[in-house]
Amino acid sequence: MERRGFIKKVGLGGTLLGASGAMSFSSFAKGKAEPTFNMDFAPHFGMFRNSAPGGIVDELKFMADQGFRSLEDNGMLGRSVEDQNLIGKTLESLGMRMGVFVIDGGENWKTSLTTGKKEHEDLFVETCKKSVEVAKRVGAKWMTVVPGYFERNLPMGVQTGNVIEAYKRGAEVLEKEGLVMVMEPLSDNPDLFLRHADQSYAICKAVDSPACKILYDVYHMQRNEGNLIANMERTWEEIAYIQIGDNPGRKEPTTGEINYSNVFKYIHEKGYKGVMGMEHGNAKPGVEGEKALIEAYRKVDVIV
């Protein structure tokens, strides 16, 4: 579909326009759609803000034109219903699918589920219920969960049991809707309770629900434990979602120390057909940086 015709067809609210209040299509006047990536890489909004300055719909169309088949948006839960509906409609029109958004009731970066306190569990469950409605609007299947910080006054085993019980309650909400929460071990600071793949694996086994799986973020796991392929192999049966970011710097593949060509080859050979979330920044600024990011993904994309 011609670009202007597509924008007119799906519609565009004022909240989704760029700062100028007008669309810009100069980046595409002479271009054409690029080949689809073999692996299902999923950019975030803002990653191509310079190449597609017209707002959310403009950026989604740009992603599709460049061969991307999915989107991630961590903050989807906080968007207006109007924006959620527009994003869902646009993804459907483009034949793209929705990757993760984050289930966050405001306690992901606090001491919460590890405490076992009912008020934290109840808030988590209510946020899961709210997330179901958002997932329906945008066509999402997977949602990121993190259990917050350590409760330093409780033994590790007790904290783990508290997280398991909270996730059992959340899984009850999501499982009947065919949705999946994917727990993400993180490396951002030492206060975070969930940090390792084997720890996540044990929690998944204890929750024992198809609605509770692992989000394996290669960037965080390289920082926390390394030995990426071996650790993925050990926990593979519980991994339902994968995210990307090179280390150091948390930028696109080829900018750091991770051999993404080999990592992606392993993932491909495992038969993974899921989303590969591009949860990182751009190594270089502007349009040229956005072109370089796309070229980096072309370089490491698995040849089928």
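A short tour of the structure in this document, coming up.

Definitions and limits used
Residues numbered from 1 in each chain as written. Predicted model: local features only at pLDDT ≥ 70, side-chain atom pairs only at ≥ 80, totals over all residues. Heavy atoms only, no water. Phe/Tyr/Trp six-rings, centres within 6.5 Å; stacked < 30°, edge-to-face > 60°. Helix = DSSP H or I, 4+ residues; strand = E, 2+ residues; numbered from the N terminus. Buried < 20%, exposed > 50% of the residue type's maximum accessible area, 1.4 Å probe, protein only. Lys NZ or Arg CZ within 6 Å of the ring centre and 35° of its normal. Salt bridge = Lys/Arg side-chain N within 4 Å of Asp/Glu carboxyl O. Polar contact = N/O pair within 3.5 Å; in protein donor to acceptor, adjacent residues only side chain to side chain. Arc of directions from axis to C-beta. Contact = heavy atoms within 4.5 Å. 1 Å grid on protein atoms, 1.4 Å probe; cavity = no way out; pocket = protein on both sides within 12 Å on 5 of 7 lines; lining within 4 Å. Points joined across faces, edges and corners; volume = space filled by probe spheres on them. Nonpolar A, V, L, I, M, F, W, Y, C, P; charged D, E, K, R; others polar.

Regarding the packing of aromatic side chains
Using the criterion set out here, one finds 12 aromatic pairs in the structure. Centroid distance F41 to F264: 5.5 Å. Interplanar angle 45°. Geometry classified as tilted. With F41 in strand β1 (residues 40-42) and F264 in helix α9 (residues 260-269), the pair connects residues that are 223 residues apart, well separated along the chain. Judged by its relative accessible area of 0%, F264 falls in the buried class. Directly above the aromatic system of F37 lies the positively charged group of R298, at a separation of 3.8 Å from the ring centroid.

Structural notes on the pattern of salt bridges
By the definition in use, this model includes 19 salt bridges. As a salt-bridge pair, E237 and K205 come within 2.8 Å of each other at their nearest N and O atoms. On the criterion of sequence distance, the pair formed by E237 in the loop between α8 (228-235) and β8 (239-244) and K205 in helix α6 (residues 197-207) is long-range, its members being 32 residues apart. With a relative accessible area of 54%, E237 lands in the exposed category. The structure contains a network of salt bridges with shared partners spanning K118, E121, D122 and R169.

Brief notes about the environment of Y149
For Y149, the location among the structural elements is in the loop between β5 (142-145) and α5 (156-175). The spatial distance from the C-alpha of Y149 to the C-alpha of F193 is 5.0 Å, given a sequence separation of 44 residues. Reaching out from Y149, the side chain makes a polar contact with the side chain of N189 at a distance of 3.3 Å.

Focus on α9
For α9, the full list of buried residues reads Y260, V263, F264, Y266 and I267. Buried residues of α9, seen end-on, are gathered within an arc of 155° and therefore sit on one face of the element. In the core, the buried residues of α9 are packed alongside β1, α7 (218-224), α8, β8, β9 (275-278) and α10 (286-300). Two residues or fewer past α9, G271 is found with a positive phi of approximately 85°.

Brief notes about empty space enclosed by the protein
Within the structure shown, the criterion is met by 1 cavity of 30 Å³ or more. Within this model, the largest cavity holds a volume of roughly 100 Å³. Forming the boundary of the largest cavity are 13 residues, of which G105, E107, N108, H120 and F124 lie nearest the centre. Its residues placed into classes, the lining of the largest cavity shows 5 nonpolar, 6 polar and 2 charged.

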